[in-house]
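As a plain string of letters, each chain reads:
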2 protein chains.
Amino acid sequence: MASPDTRIVDLKKLQLACEECSLHELCLPLELQHEDIEELDRIIHKRRPLHRGDYLFRMGDPFRALFAVRSGSIKTYTNTDEGEEQVTGFHLPGELVGLDAITEGCHPCAARALETTSVCEIPFERLEEISTHIPGLQRQLLRLMSREILTEQDTMIWLGKKSAEARLAALLLRFSDNYRRRHFSPTEFNLSMSRTDIASYLGLAVETVSRLFTRFQHEGLLEVERKHVRLRDLEGLRRIAGVESCLHNHC
Amino acid sequence: MASPDTRIVDLKKLQLACEECSLHELCLPLELQHEDIEELDRIIHKRRPLHRGDYLFRMGDPFRALFAVRSGSIKTYTNTDEGEEQVTGFHLPGELVGLDAITEGCHPCAARALETTSVCEIPFERLEEISTHIPGLQRQLLRLMSREILTEQDTMIWLGKKSAEARLAALLLRFSDNYRRRHFSPTEFNLSMSRTDIASYLGLAVETVSRLFTRFQHEGLLEVERKHVRLRDLEGLRRIAGVESCLHNHC
DNA sequence: CGTCGCTTTGAGCCATATCAATACGCGTGG
DNA sequence: CCACGCGTATTGATATGGCTCAAAGCGACG
């Protein structure tokens, strides 16, 4: 058993780590007792940062751990029938990667860093073990997965229905919100992914994405210079994106 | 404690119920011990059948239970900004409904029966309770949710990328597979949903869906008469749908 | 037998894909 | 330090798939 003093010290270190990680409201269930948080922290492995292009895992790799993005960004993708990359998601700080691998026991998609990126590795077996005696953790896990399902459903809807401009606007706003939550500028940031990646993710042609950026710029919605964007009219973008995330608003 | 005899009887009843329900490989983890299965069965509530148009739950209803479709079919939907229905999913026997409600604690979409439909109701609180002392159950729950995420991702991809004909073909094949698994004819069945529902779900115009059916028929891929379809060329449909479910094939 | 809702069919148009060419930025080697 | 070359991004011209609007067909049900 830890003495009160060391417990305080440990907790401080932990708090800092997870503040920094900006996952504190997400991956750390606030209801958990101190001992439980410590136990959780003990199994989480902080990896050395990935560099641009590094694989977090490859398609078909055995599933051993979930990953929480702490900083940077990750893209996940599969291959289409014709062998091209099909981007299935962009994962920003505070988001989990690998939830889709639990069922089959291996990763159905590959994950690569889009820039210098650090992640927490959460060994799944051990997470399952400790969650059997920490009810709050189990519940939190289910909630996280449910949230993921909700998000995917949401995405599905706008991919199915919305116009190209709505899709791009929605994506930019998603980035913006993530930055805001992490106390970075919600209006000025760099896109870590290529136009091709964006196009693939949004189900559009690269040319369309490019044209949209130029058009948005002409319309005064944003300024864009290669990877760097500055959103000048969030309200306008929201209007274009449609009252996004319809699913969340009715509860 | 039950005597050996009654246990056997109970199990038989249960097996039958779940054979019929065709969820045995899905919602009943095979690794579970008999006692565990019995405990699970005890909390599952078999409702009286719903009729066409009946609500299973409405948007915003508090989340109390997951539902497993035993027979019939359910559609889930939200409302778009303009107040029209946006179908988010069709749920066939063996599939779960409500997984997206766990996070928020209330249903982000409504669910209605498309035909006479029976479901099992699985009170979530109690499921969580018993899964704390049945590790296999917990794991199975996570797997189920992971599978759901995978499926949604899959759907997302073809909604984003694929042509109208590929979407419709993929949907028909999904129905076909479900019927095959349940030992019904995989080539001849009734569509329980309207053309409008199909269109909404696939992100297409009703007219397009209608035209596609006629075209498929002319091309000898299927025969269609109102709700009744007969798939005549599964291979052809698969070709059109694209090697669907790319995500599952790489593990 | 008429009405109503759902489905099909037709005609024209628009958004986005496709094809093709050019521009830009960045790293490399001379 | 410059010139080259390659990958990425932009821009233009054209084609087309799917949407929209409009109307007619068909079934179910009172």
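Residues numbered from 1 in each chain as written. Chains lettered and ligands numbered in written order. Predicted model: local features only at pLDDT ≥ 70, side-chain atom pairs only at ≥ 80, totals over all residues. Heavy atoms only, no water.

Caption draft 1: Here's a closer look at the domain arrangement of chain A. Residues and elements named next belong to chain A. The domain architecture assigned to chain A consists of domain 1 (4–144) and domain 2 (162–250). Taken residue by residue, the interface counts 16 residues in domain 1 and 12 residues in domain 2. Note on domain 1 versus domain 2: buried area summed over both sides is about 1200 Å², and carbon and sulfur give 53% of it. In this assembly, domain 1 and domain 2 are joined by 2 salt bridges. Measuring nitrogen to oxygen at the nearest pair gives 3.3 Å for the salt bridge that ties Glu 95 to Arg 174. Scanning the region where domain 1 abuts domain 2 turns up 7 residue pairs in polar contact (both at pLDDT 80 or more). The dominant element in the side of domain 1 that touches domain 2, judged by the number of residues it contributes, is strand β5 (residues 85–91), at 6 residues. A breakdown of the residues in the side of domain 1 that touches domain 2 according to their chemical character gives 5 nonpolar, 5 polar and 6 charged. (Domains from an automatic or database assignment. Contact = heavy atoms within 4.5 Å. Buried area = accessible area lost by both parts, 1.4 Å probe. Salt bridge = Lys/Arg side-chain N within 4 Å of Asp/Glu carboxyl O. Polar contact = N/O pair within 3.5 Å; in protein donor to acceptor, adjacent residues only side chain to side chain. Helix = DSSP H or I, 4+ residues; strand = E, 2+ residues; numbered from the N terminus. Nonpolar A, V, L, I, M, F, W, Y, C, P; charged D, E, K, R; others polar.)

Caption draft 2: Examining the protein's contact with DNA strand C more closely. Taken together, 18 residues lie near DNA strand C, and Ala164(A), Thr208(A), Ser210(B), Arg211(B) and Thr214(B) sit nearest. When the atoms of DNA strand C within 4 Å of the protein are grouped by moiety, sugar and phosphate amount to 68% of the total. Ser210(B) is positioned with one of its side-chain polar atoms (N or O) 2.8 Å from a phosphate oxygen of DNA strand C. Take Thr214(B): an N or O atom from its side chain is 3.1 Å from a phosphate oxygen of DNA strand C. If you list the elements that add at least two residues to the surface near DNA strand C, you get α7 (206–218) of chain A together with α6 (195–202) and α7 (206–218) of chain B. A per-element tally of the surface near DNA strand C places α7(B) first, with 4 residues. In terms of residue class, the surface near DNA strand C is made up of 3 nonpolar, 7 polar and 8 charged. (Near = heavy atom within 4 Å.)

Caption draft 3: Looking closely at the interface of chain A and chain B. Contact with chain A, which involves 51 residues of that partner, is made by 51 residues of chain B. Of the roughly 4900 Å² buried at the junction of chain A and chain B (both faces included), carbon and sulfur atoms supply 63%. Of all residues in chain A, Leu142(A), Ile149(A) and Met156(A) give up the largest surface area on contact with chain B, accounting jointly for 14% of the area buried on that side. Linking chain A with chain B are 2 salt bridges. Among the ionic pairs, Glu128(B) bridges to Arg139(A), the shortest N-O distance being 2.8 Å. Elements that contribute at least two residues to the side of chain A that touches chain B include exactly β4 (74–79), β5, α3 (124–132), α4 (135–161) and α6 (195–202) of chain A. Top element by residues in the side of chain A that touches chain B is α4(A). It accounts for 19 residues. Its residues placed into classes, the side of chain A that touches chain B shows 20 nonpolar, 19 polar and 12 charged.

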